[in-house]
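Structure at a glance
For reference, the chains in residue letters:
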Amino acid sequence: MAIVSDTSKVFINNKISCSVLSKKQFFGVSVCVPKIVPDVRIRSRAKARFVEVKSTLQINLDEKNVSVNGNLGFDVVTEKELKEKGFLGLRKTKLICTIGPACSSLEDLERLALGGMNVARLNMCHNTREWHSDVIRNIKKLNEEKGFCISLMIDTEGSQMYMVDHGVGSSVKAEDGSIWLFTIERFEGSRPFTVQAYYEGFSEGIKVGDELVIDGGMATFEVIEKVGNDLRCKCTDPGLLLPRAKISFWRNGKLVEKIFELPTLSTKDWTDIDFGISEGVDFIAVSFVNEASDIKLLKNYLSTKSSEFIKVLAKVESLESLKNLEDIVEASDGIMVARGDLGVQIPLEQIPTVQEEIIHICRQLNKPVIVASQLLESMVEYPTPTRAEVADVSEAVRQYADALMLSGESAIGLFGDKALSVLRMVSNRLELWSREENKQILLSQRQLGVSLPERIAEQICNCAVEMANNLGVDAIFVYTRHGNMASLLSRNRPNPPIFAFTDRSCTVKTLNLQWGIVPLLVELSEDMEHNIRKTFELVKTSGMVKNGDVVLVVSDVIPSSSTHSYFQSIKVKTIA
Ligand SMILES: Nc1ncnc2c1ncn2[C@@H]1O[C@H](COP(=O)(O)OP(=O)(O)O)[C@@H](O)[C@H]1O
Ligand SMILES: C=C(OP(=O)(O)O)C(=O)O
Ligand SMILES: [K+]
Ligand SMILES: [Mg+2]
């Protein structure tokens, strides 16, 4: 019998938590009535456990010690974290939230901002441009008025030829042996055992006997007849069909690859890209990239629009993209491991190793990498994650991904703030562990630079991180225009945080995605000594550092035309 107080939480099956609504005494025995979170299912004979809750996961919205620091462009969340936990306590792994109907109001967005959201992702597959425009306005308002630093990402719809719909909002079950028609016919509502395919050519090249797999294994069918472009199929592995489910075809255990006649960027995508440019977003994530030319095309377009500062991220989510991986990484400004669709095109058991390989290549080529989809999927419905989900998030942090992304957990989930706090806590824990246990996965150095100045910059950053770790300095300061030096430092995943001072606000926004970097906006002059003195003063007066703190300074000034020497340097300074 547990002693229950009003602050107790009840855990059902170690998963669903709820608080105690009322307590009653029956013959001296305490009986509690739990306040169940709405819409969660509790199985019969579920286990209940009572836990005293001492502190809450969420940062309190009303806390008054969050101030806007006008001097130094420190965002309020970093400032608070630094004051509370010190340099080594700063979280290094960046967090992205997909914004959907469950988190689009100003108040919702502020909660996510306080919870550590670094980048907001808008999935152009859903909702109207007006809706997305409102969200962007809200985020800019938070940045300007409340001192947050949230970057904006749009994610293109892409030509998803494998989507199907059964015409109702919720899932339907496909029973073993049932016969279904997958059709290109367009009709309103639903028809029994009939699924509409989004793309007319979906059945091209498909033969009787092929397997049709829903959402990477939710249900499986065998093609038993071709009727024009439609497919009659028999369910061989029963399961659920969700609205807009993804399908793939398999023959002799291998994915049947379609001829990609659809462009990676559709007419709608180009309109969405123009929308992104006019709204001033920081990142465009391109869905279903197949080869490097897809990315080059968009980058060229951005430069004709004088918008080359918008970073282009390639989503790796097709078998084809895995074949051209290095070229795609090289051509893009960053990668998203889009495990949702990837899991439809490759066997699920291959995802963990493919993820590790992509992260490794990205670090080698110095491109930020995001791990996305289903990190905390069960939290769309439940307020706590599964143990397996926590292990998955931990693994992504241990592999040194730059960023973790929430999809449905924040967009439509009941517990988006909690999901974000789980990512935050797991990242902090794993980062601390890697450091304490000295589990740094060292990078076998691959030289990136071609010209002498590029090679110097790269060597300086490699050595600077080794020095910073060996000396145990409190922080690394770097002065950077385009973020290149900051990024080369981050590539080595140092123990102390990297404070990147820049005078370009777009550099601040793009560095937001990169591991361990705290980007700060300041005016910089040609005189590097002056910049160092000035930023030290600012940091000191803001109370961020104290006497005795040791800072490693990496500077990178473009040499003036009168001289041919290079000014990149490493200094170690003690705050006095
Ligand atoms: N802007 C939006 N408006 C409405 N629903 C959204 C929006 N963004 C995301 N969602 C919902 O959140 C779910 C998860 O988001 P995401 O993973 O980005 O998309 P998808 O499931 O289409 O790949 C979507 O299936 C959709 O139901
Ligand atoms: C992130 C992904 O893309 P989207 O959510 O747009 O399908 C994915 O497939 O994992
Ligand atoms: K998308
Ligand atoms: Mg996808």
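What counts, and where the lines are drawn
Residues numbered from 1 in each chain as written. Chains lettered and ligands numbered in written order. Predicted model: local features only at pLDDT ≥ 70, side-chain atom pairs only at ≥ 80, totals over all residues. Heavy atoms only, no water. Helix = DSSP H or I, 4+ residues; strand = E, 2+ residues; numbered from the N terminus. Buried < 20%, exposed > 50% of the residue type's maximum accessible area, 1.4 Å probe, protein only. Contact = heavy atoms within 4.5 Å. Donors = N, O, S within 2.8 Å, 3.2 Å for Na, K, Ca; no water. Near = heavy atom within 4 Å. Polar contact = N/O pair within 3.5 Å; in protein donor to acceptor, adjacent residues only side chain to side chain. Areas by Shrake-Rupley, 256 points an atom, 1.4 Å probe, with all protein chains shown as cover.

Quick look at the environment of Asp269
- With respect to the helices and strands, Asp269 occurs in helix H4 (residues 267–279).
- Of the residues examined, Asp269 reaches a relative accessible area of 0% and is grouped as buried.
- Distance in space between the C-alpha atoms of Asp269 and Asp155 is 9.2 Å, their sequence separation being 114 residues.
- Those residues in contact with Asp269, other than ones at most four positions away along the chain, are Thr156, Glu157, Gly158 and Thr264.

Examining the coordination of the magnesium ion (ligand 4)
- Listed as protein donors to the magnesium ion (ligand 4) are Glu317 (OE) and Asp341 (OD); their distances from the metal cover 1.9 to 2.1 Å.
- Between the magnesium ion (ligand 4) and the potassium ion (ligand 3), the interatomic distance is 5.5 Å. One end of the pair, Glu317, is in the loop between strand S19 (311–316) and helix H6 (319–323); the other, Asp341, is in helix H8 (residues 339–345), and 24 residues separate them in sequence. Of the two residues, Glu317 and Asp341, neither departs from the other in class, the shared state being buried.

What to know about the site of ligand 1
- Every one of the 15 residues lining ligand 1 counts as a neighbour, but Arg121, Asn123, His126, Asn127 and Trp131 are closest to it.
- The separation between an oxygen atom of ligand 1 and a polar side-chain atom of Asn123 is 2.8 Å.
- His126 places a side-chain nitrogen or oxygen 2.8 Å from an oxygen atom of ligand 1.
- Notes on ligand 1: free accessible area 530 Å², of which the protein chains cover 73%.
- Those elements that place two or more of their residues in the shell around ligand 1 are strand S6 (119–123), helix H3 (129–146) and helix H11 (408–411).

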